[in-house]
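Summary of the model geometry
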Amino acid sequence: MIDFNIPPYVGKEMDYIKEAVTNRKICGDGVFTKKCSNWMKEHFDVNQVFLTTSCTHALEMAAVLTDIKPGDEVILPSYTFVSTADAFVQRGASLVFVDIRPDTMNIDETLIEDAITPRTKVIVPVHYAGVACEMDTIMDIAKRHNLKVVEDAAQGFASYYKGKSLGTIGDFGCLSFHETKNLSMGEGGALLFQDMSYQEKAEILREKGTDRSKFFRGQIDKYTWQDYGSSYLPSDMNAAYLWAQLEMASQIQNDRMSSYVFYDNALRPLADKGFLEQPYVPEDCQHNAHMYYIKLRNLEERTKFISFLKEHGILSVFHYIPLHSAPAGKKYGRFFGPDKYTTRESERLVRLPMYYHLNQNDKEYIVKTIFKYFA
């Protein structure tokens, strides 16, 4: 079976994990945590990066830092992972789902403003497949209505919008380093922000509500409980795993892009004949080859297609079930306006195998099998 995903591994991960153990600092904020954070600050041109135990936890931190309270409303797409919603539901927010654009599968920026009410507090654009939402429009809406923007850039590591790294444009950005992402630390994420006025509150939140970060910097002689907090620090062993991949980030990205371009070129004849649709990347966006998906006519054909590939030893998968159709989505939110594209497009989409070091022979076999299906 050709797997859909294999977690990235570059070869130095175990050496660095051993080094973290030898350093006798395997809890959070050790040498490798700092290396990873500093790398992202430099490469993404962002003022602060907090490595977290997951993108879910980065989103939870953003929900606290944007001061979400019970009754506040958060605008987001329904076509996303549950963490996007959970982080704000946990704070008592009501969810307002907005339809997506069928070309990028991102939130339709032209529908956001009409969904705003006096209770709206935050807009959460989700950069699907590492392709940026229309951030200029979203940031303009947020500015005019005095709203915060939290970018769910779980899939957006090293993707750009008009030259700006995803996760650095809104008030907060959240990255994922889950094993399914371009770079991985098993489970992990990062919270990014530019406004350093959030620094102290974010440190306290991440350090169980204490001012321990100040203590470690020698700014105070003891630390105490200051405010609400939780434990969002990943082990330095996890950070050591990630550091090995950050050192090789360009190589990993180039390898994935090579696979993406191969799929795109090889499947174009089928797209030209109308058998399938290929991904669309707007001119202002530089994506990261996080995934390669195609769209088929409908749910029935997608089901047959996935089964056909599996019978031929290829694991392909669909993606999100729209949140507004789930029991929790109905409980905690509402869909604004008609669901014109979210459900329809979600039922057509299928993701092909995509990972670092995907074998060329396997890619050719995958494409050959897809042509066989349509023949």
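The structure we're discussing is the one just above.
Scope of this entry: the structure provided in the associated data block. Just so it is clear, the model here is predicted, and its values are computed rather than measured.

Our focus in this paragraph is the overall build of the protein. Scanning the protein from N- to C-terminus turns up 14 helices and 13 strands. For 375 residues, the compact-globule estimate of 2.2 N^0.38 gives 21 Å, and the C-alpha radius of gyration of the protein, at 21 Å, lies within 12% of that figure. Across its three principal axes, the protein shows a C-alpha extent of roughly 75 × 55 × 35 Å. Residue burial in the protein is summarised as follows: out of 375 residues, 55% are buried. When contacts within the protein are restricted to residue pairs at least 6 apart in sequence, long-range pairs at least 24 apart make up 71% of them. Summing over all exposed atoms, the protein offers an accessible surface of approximately 16,300 Å²; the carbon and sulfur share of this is 51%. Averaging the locations of the 43 positively and 49 negatively charged side chains of the protein gives two centres separated by 3 Å.

Moving on to the packing of aromatic side chains. Applying the stated rule across the entire model yields 24 aromatic pairs. With 5.1 Å between their ring centres and 70° between their planes, tyrosine 79 and tyrosine 320 make a pair best called edge-to-face. One end of the pair, tyrosine 79, is in the loop between strand 2 (73–77) and helix 4 (82–89); the other, tyrosine 320, is in the loop between helix 11 (299–311) and helix 12 (327–332), with 241 residues separating them in the sequence. A relative accessible area of 13% places tyrosine 320 in the buried class.

For aspartate 29, which is not glycine, the phi dihedral falls at a positive 60°. Judged by relative accessible area, which is 22%, aspartate 29 ranks as partly exposed. Unlike most non-glycine residues, alanine 129 shows phi in positive territory, near 60°. Residue placement: alanine 129 occurs in the loop between strand 4 (120–123) and helix 6 (135–145). Residue alanine 129 is classed as buried on the basis of its relative accessible area of 5%.

In this model helix 9 (residues 236–247) runs 16 Å from its N-terminal to its C-terminal C-alpha over 12 residues, within 8% of the 16 Å that 1.5 Å per residue would give. Where helix 9 is buried, its residues contact helix 1 (13–22), helix 2 (31–44), strand 1 (48–52) and helix 10 (249–272). Where helix 9 begins, the capping side chain belongs to serine 235, and its oxygen is found 3.0 Å from the backbone nitrogen of methionine 237.

Further remarks concern the pairing of strand 8 (residues 172–176). Of all five residues that make up strand 8, five are buried, and the element is covered over most of its length. Where strand 8 and strand 9 (residues 189–193) come together, four bridges link them in antiparallel fashion. The residue bridging leucine 175 from the neighbouring strand is alanine 190, located in strand 9.

Here we take up empty space enclosed by the protein. Under the defined criterion, the tally for this structure stands at two cavities of 30 Å³ or more. The calculated volume of the largest cavity comes to roughly 70 Å³. Lining the largest cavity are 13 residues, with Ala129, Val131, Tyr260, Pro279 and Tyr293 sitting closest to its centre. Partitioning the lining of the largest cavity into residue classes produces 10 nonpolar, three polar and no charged. Considered as a void within the structure, the second largest cavity measures approximately 30 Å³ in volume. As for the second largest cavity, its lining consists of Glu200, Glu203, Ile204, Asp211, Ser213 and Lys214. Elements supplying a minimum of two residues to the lining of the second largest cavity: helix 7 (199–206) and helix 8 (212–216). Take the lining of the second largest cavity: its biggest share by element is three residues, from helix 7. Here the lining of the second largest cavity is built from residues that sort into one nonpolar, one polar and four charged.

With that out of the way, let us pick up the nonpolar core. Membership of the largest hydrophobic core comes to 52 residues, with the highest contact counts inside it found for Met40, Phe44, Leu51, Phe157, Leu175 and Phe177. Among all residues touching phenylalanine 177, those that are not within four sequence positions of it are Met40, Leu51, Phe157, Leu183, Ser184, Met185, Gly186, Glu187, Gly188, Gly189, Ala190 and Leu242.

Another point: the environment of methionine 291. You can see methionine 291 is positioned in the loop between strand 10 (285–286) and strand 11 (293–295). Given the relative accessible area of 5%, methionine 291 is considered buried. C-alpha of methionine 291 to C-alpha of tyrosine 160: the two residues are 131 residues apart in sequence and 16 Å apart in space. Setting aside its immediate chain neighbours within four residues, methionine 291 contacts Tyr128, Ala129, Gln155, Arg256, Tyr260, His319, Arg351 and Met354.

Backbone-to-backbone hydrogen bonds pair the strands of a sheet. The strands run either parallel or antiparallel. Read from one edge to the other, the open sheet built from eight strands follows the order 1-9-8-5-4-2-3-12, with strand pairing classed as mixed. Of all the strands in the sheet, the pair left with one neighbour each is strand 1 and strand 12 (333–335). On average, each strand axis in the sheet is inclined to that of its neighbour by 25°, with strand direction left out of account. With three bridges connecting them, strand 2 and strand 4 associate as parallel partners. Within strand 4, the residue paired with isoleucine 75 across the bridge is isoleucine 123. Here helix 3 (residues 55–65) sits on the sheet and contacts strand 1, strand 5 (148–152), strand 8 and strand 9; the angle it forms with strand 8, its principal contact strand, is near 165°. Packing against the sheet, helix 6 makes contact with strand 4 and strand 5, and its axis sits at approximately 150° to strand 5.

What counts as what
- Residues numbered from 1 in each chain as written.
- Predicted model: local features only at pLDDT ≥ 70, side-chain atom pairs only at ≥ 80, totals over all residues.
- Heavy atoms only, no water.
- Helix = DSSP H or I, 4+ residues; strand = E, 2+ residues; numbered from the N terminus.
- Rg over C-alpha atoms; globule rule 2.2 N^0.38 Å.
- Buried < 20%, exposed > 50% of the residue type's maximum accessible area, 1.4 Å probe, protein only.
- Contact = heavy atoms within 4.5 Å.
- Areas by Shrake-Rupley, 256 points an atom, 1.4 Å probe, with all protein chains shown as cover.
- Lys, Arg positive; Asp, Glu negative; His and termini not counted.
- Charge placed at Lys NZ, Arg CZ, Asp CG, Glu CD.
- Phe/Tyr/Trp six-rings, centres within 6.5 Å; stacked < 30°, edge-to-face > 60°.
- Expected span 1.5 Å × (residues − 1).
- Polar contact = N/O pair within 3.5 Å; in protein donor to acceptor, adjacent residues only side chain to side chain.
- Pairing = 2+ DSSP bridges.
- 1 Å grid on protein atoms, 1.4 Å probe; cavity = no way out; pocket = protein on both sides within 12 Å on 5 of 7 lines; lining within 4 Å.
- Points joined across faces, edges and corners; volume = space filled by probe spheres on them.
- Nonpolar A, V, L, I, M, F, W, Y, C, P; charged D, E, K, R; others polar.
- Core = buried A, V, L, I, M, F, W, Y, C linked by side-chain atoms within 4.5 Å.
- Axes fitted to C-alpha atoms, helices over the stretch in contact; angles between N-to-C directions.

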